[in-house]
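Take a look at the letters that make up each chain.
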Amino acid sequence: MKISASVYSDKSRSLAEVIQDLDAHQVDLYHVDCNDNLSVFNDIETIKKLSNIPVDLHIISEEPQKYFSYLEVAKVEFVAFQYEQLPSDFKFPKIKGTKMGLAITTPTNIDVFDKYQELDFILIMATIPGQSGGVFDALNFKKIRQFRKRYPQKSIHVDGGVNAEVSFILRNMGVNASVSGSYLFNEKSIGNALMNLTKRNISSHYKIEDFMVPISEAPSIDISDLNFESVLKTIEKGDVGFCMILNNKKLEGIISNADVRKTLLKNINDLSQMKMEDMINRNPLTCNKSKTVIDLLESIKHANFTVMYLPIVDENNNAEGMLTFTNLIKGEL
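Residues numbered from 1 in each chain as written. Predicted model: local features only at pLDDT ≥ 70, side-chain atom pairs only at ≥ 80, totals over all residues. Heavy atoms only, no water.

(A) Quick look at the overall build of the protein. Within the protein one finds 11 helices and 15 strands. Taking the principal axes of its C-alpha atoms as reference, the protein extends roughly 75 × 45 × 35 Å. Considering the protein as a whole, with its 333 residues, one finds that 48% of them fall into the buried category. Contacts in the protein between residues at least 24 apart in sequence constitute 61% of all its contacts with a sequence separation of at least 6. By element, 48% of the accessible surface of the protein is carried by carbon and sulfur atoms, the whole surface being about 16700 Å². Here the protein carries 37 positive and 43 negative side-chain charges, and the mean point of each set is 3 Å from the other. (Helix = DSSP H or I, 4+ residues; strand = E, 2+ residues; numbered from the N terminus. Buried < 20%, exposed > 50% of the residue type's maximum accessible area, 1.4 Å probe, protein only. Contact = heavy atoms within 4.5 Å. Areas by Shrake-Rupley, 256 points an atom, 1.4 Å probe, with all protein chains shown as cover. Lys, Arg positive; Asp, Glu negative; His and termini not counted. Charge placed at Lys NZ, Arg CZ, Asp CG, Glu CD.)

(B) Quick look at unusual backbone geometry. Positive phi is not limited to glycine here, since D239 has a value of about 60°. Summarising the element assignment, D239 is placed in the loop between α8 (228-238) and β11 (242-247). The phi dihedral of N248 is positive, around 60°, even though this residue is not glycine. Assignment of secondary structure puts N248 in the loop between β11 and β12 (250-256).

(C) Structural context of the pattern of salt bridges. The final tally for this structure, using the stated rule, is 12 salt bridges. A salt bridge links R13 to D21; its shortest N-O distance comes to 2.9 Å. Linking E45 and K49 is a salt bridge whose minimum nitrogen-to-oxygen distance equals 3.6 Å. Taken together, the positions of E45 and K49, both in helix α2 (residues 40-50) and four residues apart, correspond to about one turn of that helix. A single salt-bridge network, built from bridges that share partners, covers D10, R13 and D21. (Salt bridge = Lys/Arg side-chain N within 4 Å of Asp/Glu carboxyl O.)

(D) Representation of the sheet that holds β12 in the model. Strands sit in the order β10-β11-β12 across an open sheet of three strands; the sheet is mixed. Whereas interior strands pair on both sides, the edge strands pair on one side only; in this sheet they are β10 (220-222) and β12. Averaged over all pairs of adjacent strands, the angle between their axes in this sheet comes to 30°, without regard to strand direction. Strand direction decides the pairing type here: β11 and β12, joined by six bridges, are antiparallel. Across the sheet, N247 pairs through a bridge with K250, a residue of β12. (Pairing = 2+ DSSP bridges. Axes fitted to C-alpha atoms, helices over the stretch in contact; angles between N-to-C directions.)

(E) Structural view of the side chain of H58. Here H58 is to be found in strand β3 (residues 55-60). Look at H58 and you get buried, because its relative accessible area is 1%. At a separation of 3.3 Å, a polar atom in the side chain of H58 contacts the side chain of D33. Setting aside its immediate chain neighbours within four residues, H58 contacts H31, V32, D33, C34, A80, Q82, A103, L123 and M125. (Polar contact = N/O pair within 3.5 Å; in protein donor to acceptor, adjacent residues only side chain to side chain.)

(F) Focus on the sheet that holds strand β2 (residues 29-35). The eight strands are arranged β1-β2-β3-β4-β5-β6-β7-β8 in a closed barrel whose pairing can be described as parallel. Neighbour-to-neighbour, the strand axes of the sheet open up by a mean angle of 25°, direction not taken into account.

(G) View of the pairing of strand β5 (residues 99-104). Burial of β5 is extensive: five of the six residues sit out of reach of the surface. As defined by bridge partners, strand β4 (residues 78-82) adjoins β5 across five bridges and the pair is classed as parallel. The partner of V79 across the bridge, within β5, is M100. Two elements, β5 and strand β6 (residues 121-125), share four bridges in a ladder whose sense is parallel. Bridge pairing in β6 links G101 to F121.

Set out below in C-alpha cells:
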C-alpha cells in the first residue's frame, strides 16, 4: 500500500522544507487538498520543482470545470473530485498521464460510483474532509470491502485517521493508497512514522468484527449439506482456498484445498471409501471477533504454520466471519 503524505498537515515548516524531508524519506505520494482554491497550483509547481514523487490532488469545489485548464498544465498524476459538491451533469476530464478518481464521504454510498465507472479509483474519506487529526470511522471498513468486491479492478484510496493500526487493517483489506497527515508529522520523525505505517502495529483500538468479512459473505456449508460437490463449489466460489463447515451457526471446522488433496491421496486407490467427515479439520486456528489487532497479530505470530486465512467466532464458537491475509502478504512484497 502506498503512503500519500498530506503536505499541508505540517504547520510548523515551509512547504519546501516539508517536501525535502518527505523526498529524503521516499514517501510514495504527495497529497494536496484543494478546498476550492486555485492557488494550490502554485504549491504544486513548487513540489514538482523539488521532487519527482507523484502528486495526489483532492479537489472540493462546486465549480470543478474551472480546474481543467490548470490540471492540463500541472500534469498531476492523481486527481479526485469530491462527489458531494459535483454538479449533476459533471463530466470528468480526460488528461493524458492523469488518473481520475471520485472522493466520497462516510455517509455516501459506494453506489454513486456506478455512474463513473470510467474512473481509475475511489477516494474514501474516513473523517470529515479538511479536518486534520480526525478518528477513522469504522463504518468505512465495510465500504472498502463492498467496493473491492464490486469493482475488483479499481484502486481504493483512503483519507483520514490513518495511524499505524488502521494502516495494517487497510493493507490487509487490499487498499492501494492511504493518506496520512497528522500522524505522519506528529511522530518523532517522518521516518519513524513511515516505518510504523508500513511495517509495524503500535496500538489497538479496533476489534476484528470491525473489519472482518461477515459470515454472510464468507464461504461456508452447513454440515447437513456436506458432500464432495458442495465443498468444491463453495471453495471455488469463495476464492480464498477454504470453506467453513457449520452446524447451524456453530463452527464444526474447515475444509481447505490441502484437506481435499490429502483425503484424495489417502483414498486414491478406492475413492468410494472416501468419507467427507475425514476432510474436516476440526481444530483450526480461530480468533474471537472481540479481539483487537494486537491480539490477532499475537495469535498469528505464535502459530506453527503460515496463516493464510482465519475463521472468526464468538464466545460460543458460532461462526461470525473470516479474515484472509493474501492482500497483506502481497502488499509487503
